[in-house]
Structure formats: structure tokens, C-alpha cells
Amino acid sequence: MTSSEDLQNGTQPRPERLSALEPQLSAQLVTWRRHLHMNPEISFQEHQTAAYIAGELRGMPGLEVSQLTPTSVLAVRKGTRPGRTVLLRADIDALPILEENTFDFVSQHQGAMHACGHDGHTAILLGVARLVSEAPDWDGELRMIFQHAEEQSPGGAEELVFSTRLMDGVDVATGLHLNSQLPAGVVAVRPGAFMAAPDNIYLTILGRGGHAAHPEEAIDPIAIGAQVVTNLQHVVSRGVSALDALVVSVTYFQAGTTTNVIPDRAELKGTVRSFDPGLRERAPALIERVIRGVCEAHGARYEYRYENGYRPLINNDGVAETLRQVAVETVGEERTRLAQPTMGGEDFSAYLEKVPGAYFNVGSGNPELESGFPHHHPRFTIDEAALTTGVQMMYAAAVRLGKAEL
Ligand code: NI
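Residues numbered from 1 in each chain as written. Predicted model: local features only at pLDDT ≥ 70, side-chain atom pairs only at ≥ 80, totals over all residues. Heavy atoms only, no water.

S.K.: Run through the coordination of the nickel ion, naming residues and quoting values.
M.R.: Here the nickel ion is held by the protein donor atoms Cys 116 (SG), His 118 (NE2) and His 177 (NE2), which lie 2.1 to 2.3 Å from it. Counting gaps between the donor residues of the nickel ion yields the pattern C-x1-H-x58-H. Here His 177 lies in strand β5 (residues 172–183) and Cys 116 lies in the loop between β3 (81–91) and α3 (118–134), a separation of 61 residues in the sequence. The two residues Cys 116 and His 177 agree in class, both being buried. (Donors = N, O, S within 2.8 Å, 3.2 Å for Na, K, Ca; no water. Helix = DSSP H or I, 4+ residues; strand = E, 2+ residues; numbered from the N terminus. Buried < 20%, exposed > 50% of the residue type's maximum accessible area, 1.4 Å probe, protein only.)

Next comes the structure, spelled out in C-alpha cells:
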């Protein structure tokens, strides 16, 4: 945690207020997060969540609260002093997972769970909104977007960025993700490529069904599909430079009904992850070449579809460096780390299509609290101390990025 001196930052009003407010605000953050954790809603269905967020924001004077889409919420603070327009983003959706935690604020919505920490992200941005609301004035303008549907392509960011006026006039954007694999209190930032483009492939192998005792009369889509899965690994190991990151994972293989029938088709699905736009462009054809070759060799036909997911998340170097400096001032040098790139995807990348910005991680892992389960695990949870760190980081970042001159 930080001392009040660490948060001193020139003309912005009373950074020391953050520390003064801390115990009270930290308790409020926990209340918000637990309410959201108990009431998860999955992507594009965040109606109660959005109503709750809007209700909390409307209780904070000085904020303009509106909804640009049915399940997202925007809060805006306009200052009278010159400055830039900064966008802060939190994602608010949950996942279709049956929670296996046993604490007393587990999900009350059977089959839905905040298993990625978006309940925490939402609480953090509400905390920032409260501090911003209480500031006597502000440099420039701050937009706080509580974004729906991060977990489901095409994603809520796509809709907000390209179908609403959210980004009009915005100069810079930032957002955070809690990270259970980092200790609570740690902040991790990285310039450049940070998260991958998560694309999907869909393949149907069309063979010819028949009696399992006479495979010579059939075209076996299972045997062919198995060859396709094996050979797709050559795309990565033999088709692409070892210095270029690419993942091809077949994650779904469905065929057949019983022991003595060769089915006529096999359905396969998978994911393709990359950072480099050029490699991403080549990937669909590299993959199809393998599919075509294997299917032709064995007399099968196929249907293949490559679906682009979110863009790769590439942090702006300058903004990432500013965030690193903010982290050093907020949590100290020893708790500021260089984030490792990940093949996971994140639709924050949509905002970065429009403006420079950077995304960062706040650690939420704590062995004593068993908050080290991976994201999307049915026992995922966070060390709630990370909420305070998140507010301190986001608030300090908003202040710094809003200055007319950095
Ligand atoms: Ni997430």
C-alpha cells in the first residue's frame, strides 16, 4: 500500500484524501464487489448489474451518468481546468460457470459466476468514480465506462467503440485486470504486445459413413480428423518462425454414436492465438493448407471457417511507461513488475484502435486466502486488498494522464 506522499501529484486536488478515505472506501469496495459477486450476469445480459452500477453512480454528485447500450454504464466528470479526455474502463460481465466456492457471498444465480474478477474491476471503478466525484475540480474530462460483455465475442467494447460516440474526443485510455497469478499489491505493466488475438476455427470433415467392420467402404472422418489435429501442430512448429508467437489448439472433436458405425462427419473447433498482425493474416491459409492436404489424401471433403476474435492488445509504449511510473509512485518500485505477455485475449484492444492507451495488471493472489486459482476456474476468487490497490492505481493514472502536458 501507499503512503500519502506517494500520491502527491501537483495540481490535482488533495491526493491525500485517498489515504484519509482509505478504510471507509476499502470497506465500500468490498461491499460493492460482494454484491456483484452474489449477483453475476453473463455477457450481454447485465441488466441488473448495469442498474446497480448506475444507481450507485447517481448517488455521486458531479458525475453525468448515462447508458450508451442497454447493459453498459458511462459516468463522466468534466473539470473546468484544461486537460485531456481520459477513458477508464472496467468490464462488468460474469461467466457461465457453476461456482464451487463456499464463502457466504457465493453466486445466487445458478450457473453464472464472476470467475474472472470483473466484479472486482467494477468495484474498483466505482471507487475511482467516488473519489473523482468528490474532487473540487478536475483537469480536462474523465469518462468511466462500465463495459458489458468482455467475455463473449464480438464483445461489448466493439459495440461501444464503433457504434456509439463514447470515443469522440477521447485522448487516451486505460484499464486493468486483476491477476490471480500475481501477489496482491503487485502492479504489472508492459509496453507493446501484451495480449493475443483470440481467433476461432470451425471445421467439419465430410467423410462417408459405413459399417465399422468394413472401413475400406467408408471414408472415416474420425481417423482423418485425428490426422488433421496432429498435423495442425506442424503449422506452429514448422510453418512459423520460432520467434513468432502462435498457438493452435483443437478444443472440440465430436463424431460418431456407437462402436460399430463409422460416422459420415466429424466436427472440430479450436482457437488460434497470435500477436503479430502479419502472422494473423497468414494463419487462416496456413491452417487450411493442412486441412485440405489431409482431407484430400484420404478422400474426404471439408467445410472450414476462420473467425477473427478480438484484436491483439498492443500497449502504447509511452502510456505504458507513464503507468509504470504511476505504479512506482503508488505501490513502490519493489511491487512494480514488467507484465508477461499472455496468449489470452481481451477486448480492451478495441479502444486502442482509436486512441493510445495501455492495459495493466493488479495482483490478487494470496495463498492464505486461496485466491491463486486461475481465472475462469469455479473456485476463482480475489484477495480484496487488491481492490484498494486498483483504486489507487486507476485514480493516480487518471490524474496523470489527464494533465494537459504529460
Ligand atoms: Ni477477464
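Now that the structure is up, let's keep going.
S.K.: Describe the nonpolar core, and please don't skip the residues or the numbers.
M.R.: If you look at the biggest cluster of nonpolar residues, it comprises 63 residues, and the most contacted ones within it are Leu 57, Leu 88, Val 128, Met 144, Phe 146 and Phe 360. With 11 residues, the top contributor of residues to this core is helix α8 (residues 385–402). Every residue in contact with Val 128, bar those within four places of it in the chain, is listed here: Leu 88, Met 144, Val 391, Met 394 and Tyr 395. Membership of the second largest hydrophobic core comes to 25 residues, among which are Leu 246, Leu 279, Ile 287 and Val 290. (Core = buried A, V, L, I, M, F, W, Y, C linked by side-chain atoms within 4.5 Å. Contact = heavy atoms within 4.5 Å.)

S.K.: So what's going on with the sheet that holds strand β4 (residues 139–147)? Which residues, and what values?
M.R.: Spatial strand order, β1-β2-β4-β3-β5-β16-β6-β15: eight strands in an open sheet with mixed pairing. Single-partner strands in this sheet number two, and they are β1 (64–66) and β15 (336–338). On average, each strand axis in the sheet is tilted by 25° relative to the strand beside it, whichever way the strands run. Strand direction decides the pairing type here: strand β6 (residues 187–189) and β15, joined by three bridges, are parallel. (Pairing = 2+ DSSP bridges. Axes fitted to C-alpha atoms, helices over the stretch in contact; angles between N-to-C directions.)

S.K.: Go over the pattern of salt bridges with me, naming the residues and quoting the values.
M.R.: Scanning the entire structure with this criterion turns up 20 salt bridges. In this structure, the salt-bridge partner of Arg 335 is Glu 334, at a minimum N-O distance of 4.0 Å. With a relative accessible area of 31%, Arg 335 lands in the partly exposed category. A relative accessible area of 59% means that Glu 334 is categorised as exposed. The salt bridge involving Arg 379 is made with Glu 370; its shortest N-O contact spans 2.9 Å. Assessed through its relative accessible area of 27%, Arg 379 is described here as partly exposed. When salt bridges with common partners are traced through the structure, they connect Arg 33, Arg 34, Asp 119 and Glu 384 into a single cluster. (Salt bridge = Lys/Arg side-chain N within 4 Å of Asp/Glu carboxyl O.)

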